[in-house]
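# Fold and geometry: a report
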Amino acid sequence: MSVAQQRLLKTSIPGPRSVELHARKARAVASGVGTMLPIYVARAGGGIVVDVDGNQLIDFGAGIAVVSVGNAAPRVAEAVQHQVAEFTHTCFMVTPYEGYVAVAEQLNELTPGDHEKRSALFNSGAEAVENAVKIARVHTGRQAIVAFEHAYHGRTNLTMALTAKNMPYKQGFGPFAGEVYRVPMAYPYRWPTGPERCAHEAFAEFVALVHAQVGEQNIAAVIIEPIQGEGGFIVPPPGFLARVASWCAEHGIVFVADEIQTGFCRTGDWFACEFEDVVPDLITTAKGIAGGLPLAAVTGRAEIMDAVHVGGLGGTYGGNPVACAAALGAIETMRAEDLGGVARRIEAVMRPRLVALGEKYDVVGDVRGRGAMLAVELVVAGTKDPDPALTAALAAACHQQGLITLTAGTFGNVLRFLPPLVIGDDLLNEGLDILEAAFAASV
Ligand code: PLZ
């Protein structure tokens with residue numbers, strides 16, 4: 001690993017060179033494209049991001065759950081370098097190539113269920129979700145799509161409609177796509193009658209609501225993140241996913257698991273659905289799949305995937321050969337280094353320390369997540385009122401000390417942790433030390 005695995009602060013954060021680049025950004029880049037922490041990156045690897053001022057920050061974000069295998073992971077870099085020298089693009093729809101087929105084979109093998117499967121490749125998570133909807137509609141001959149509160153599925157027109165949160169994702173960008181219906185999410189911490197009743201009551205509400213307001217016979221698909229990502233790492237109570245999935249099966253509705261954030265070892269299994277033995281009809285993947293190159297996929301039951309007419313799915317770049325080579329390198333890394341097991345070990349290190357924070361500080365309402373996808377929800381002490389200002393202050397305090405942390409949540413009050421799975425235990429613990437110090441200073 002060429003990047004030294006240690007935190008190093010040479011300047012204030014951001015340093016002078018980053019500040020200069022950020023001024024150039026303001027003149028050149030559309031202001032709608034925001035940046036959370038304006039340190040400009042020079043190199044990154046393992047659990048460290050190096051900026052242009054020579055600062056080395058601990059990475060608890062992994063580019064939003066993307067570089068699970070690490071930045072510039074050796075197998076990914078090697079596969080990409082080889083592929084980029086052979087050919088960079090032909091368009092799979094014009095003249096195909098083996099890498100695309102090999103990635104599809106891997107996805108068919110690794111995703112839950114041993115039924116016959118097919119995959120199709122795309123460029124971004126949102127594009128995969130759009131295509132899952134297209135496929136479900138053709139297969140069922142129905143139009144309605146049911147999504148959940150706190151859901152995040154992307155920023156394209158159809159996926160904005162599926163995404164729950166207005167600011168910043170939807171504000172001013174309507175009108176949104178039709179035939180999208182939203183139902184309550186089984187959110188244990190905020191379930192009105194308490195977490196014990198959440199699974200049962202949320203499912204009953206879901207069933208009653210879609211029956212009364214949509215009609216089962218009109219529903220093409222129900223889409224859900226097995227652990228909600230941008231919505232605040234909301235883990236549905238045990239049994240909820242399975243009940244929704246089997247209800248879908250009963251009514252001929254396609255059950256789509258959006259594993260774009262949870263997939264590829266992040267939660268301790270290849271896919272988060274496996275934890276509860278849920279087998280989705282379709283599964284959308286992206287992010288962790290290709291070690292940082294843009295690639296996404298829809299994988300699912302052969303009879304559903306193959307319902308679409310020839311030529312109905314595609315795009316110029318979908319399944320680009322360089323991205324496919326990267327994916328094969330990333331998947332090989334996950335297998336060889338048992339990154340699912342590593343994610344569980346990361347949880348074993350992080351969770352007890354987050355729980356301890358929760359015991360010490362009343363502002364920690366909830367500690368949750370799974371594997372290397374963990375979060376704390378911050379509230380006003382003694383209430384469940386979200387505290388987004390404290391959340392932002394804690395994140396900023398971490399940034400100042402050289403720890404990259406992200407926030408999330410419909411109410412902006414969740415601090416989330418998504419380290420690269422290849423991060424060392426020493427960096428993990430040092431990052432947690434910084435977090436603890438931020439609590440001590442800010443609360
Ligand atoms: N589905 C579950 O997490 C992307 C969004 C960052 P794209 N999440 C990060 C931002 O602010 O834009 C995501 C996701 C889930 C779909 C998507 C969309 O994936 O690759 O960003 O299109």
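Residues numbered from 1 in each chain as written. Predicted model: local features only at pLDDT ≥ 70, side-chain atom pairs only at ≥ 80, totals over all residues. Heavy atoms only, no water.

## A closer look at the packing of helix α4 (residues 98-110) against helix α10 (residues 321-336)
Worth spelling out the cut-off: Lines fitted to C-alpha atoms define the axes, with helix axes restricted to the stretch in contact, and inter-axis angles between N-to-C directions lie between 0 and 180 degrees. Here a helix means four or more residues in a row that DSSP labels H or I, a strand means two or more in a row labelled E, and each is numbered from the N terminus. Here a crossing is called left-handed whenever its near helix is offset anticlockwise from the far helix by less than a right angle, and right-handed whenever the offset is clockwise. Residues count as neighbours in contact if any of their non-hydrogen atoms are within 4.5 Å of one another. Only Asp, Glu, Lys and Arg are considered charged, only Ala, Val, Leu, Ile, Met, Phe, Trp, Tyr, Cys and Pro nonpolar, and every remaining residue, Gly among them, polar.
Put simply, α4 and α10 touch, their axes get as near as 9 Å, and they point 35 degrees apart. The handedness of the crossing between α4 and α10 is left-handed. Seen from α4, the contacting residues are G99, Y100, A102, V103, Q106, E109 and L110; seen from α10, they are C324, A327, L328, I331 and R335. Within the contact of α4 with α10, the residues separate by chemical class into 8 nonpolar, 2 polar and 2 charged.

## So, the sheet that holds strand β7 (residues 219-224)
Note the threshold: Any two strands between which DSSP finds at least two bridges are classified as paired.
Strands sit in the order β4-β10-β9-β8-β7-β5-β6 across an open sheet of 7 strands; the sheet is mixed. For this open sheet the edge positions go to β4 (117-122) and β6 (180-183), each flanked by a neighbour on one side alone. Taking each pair of neighbouring strands and ignoring which way they run, the sheet shows an average axis angle of 20 degrees. In terms of strand pairing, strand β8 (residues 254-258) meets strand β9 (residues 282-285) through 3 bridges, oriented parallel. Bridge pairing in β9 links D258 to T284.

## As for the site of the ligand
Rule in force here: By convention in this text, a residue qualifies as near a molecule or strand provided that one of its non-hydrogen atoms is within 4 Å of it. Throughout this description, a polar contact denotes any pair of N or O atoms lying within 3.5 Å of each other; where both atoms belong to protein, one of them has to be capable of donating a hydrogen while the other can accept it, and for residues adjacent in sequence the pair is counted only when both atoms sit in side chains.
Taken together, 15 residues form the shell around the ligand, and within it G125, A126, R155, D258 and Q261 come nearest. One of the side-chain N or O atoms of Y152 is found 3.2 Å from an oxygen atom in the ligand. The separation between a nitrogen atom of the ligand and a polar side-chain atom of E230 is 3.4 Å. For the shell around the ligand, the residue count by class is 5 nonpolar, 5 polar and 5 charged.

## A closer look at the domain arrangement of the chain
The criterion, for reference: Each domain's extent was defined by an automatic or database domain assignment. By buried area we mean how much accessible surface two parts lose on assembly, using a 1.4 Å probe and totalling the loss over both. Salt bridge, as used here: a side-chain nitrogen of Lys or Arg that lies within 4 Å of a carboxyl oxygen of Asp or Glu.
Split by domain assignment, the chain resolves into domain 1 (16-72 + 338-442) and domain 2 (75-336). Computed from C-alpha atoms alone, the centre-to-centre distance between domain 1 and domain 2 is 25 Å. Across the boundary between the two partners, domain 1 contributes 42 residues, which contact 35 residues of domain 2. Summing the contributions of domain 1 and of domain 2, the shared interface buries around 3100 Å²; its carbon and sulfur component is 56%. For domain 1, the biggest contributors to the area lost against domain 2 are V69, R370 and M373; these three give 26% of the whole. Between the two partners, domain 1 and domain 2, sit 2 salt bridges. A salt bridge links E230 to R416, with the shortest nitrogen-to-oxygen separation between them at 2.9 Å. One can count 20 residue pairs in polar contact (both at pLDDT 80 or more) joining domain 1 with domain 2.

## Notes on the packing of helix α3 (residues 74-86) against α10
Heads up, the rule is: Roughly parallel refers to an angle under 35 degrees, roughly antiparallel to one over 145, roughly perpendicular to one between 65 and 115, and oblique to any angle outside these ranges.
The interhelical angle for the contact between α3 and α10, taken along N-to-C directions, is 155 degrees, at an axis separation of 8 Å. With respect to each other, α3 and α10 are oriented roughly antiparallel. Relative to α10, α3 is oriented so that their crossing is right-handed. Along its contact with α3, which presents R75, V76, A79, V80, Q83 and V84, the element α10 presents P321, V322, A325, A326, G329, A330, E332, T333 and A336. Tallied by class, residues from the contact of α3 with α10 come to 10 nonpolar, 3 polar and 2 charged.

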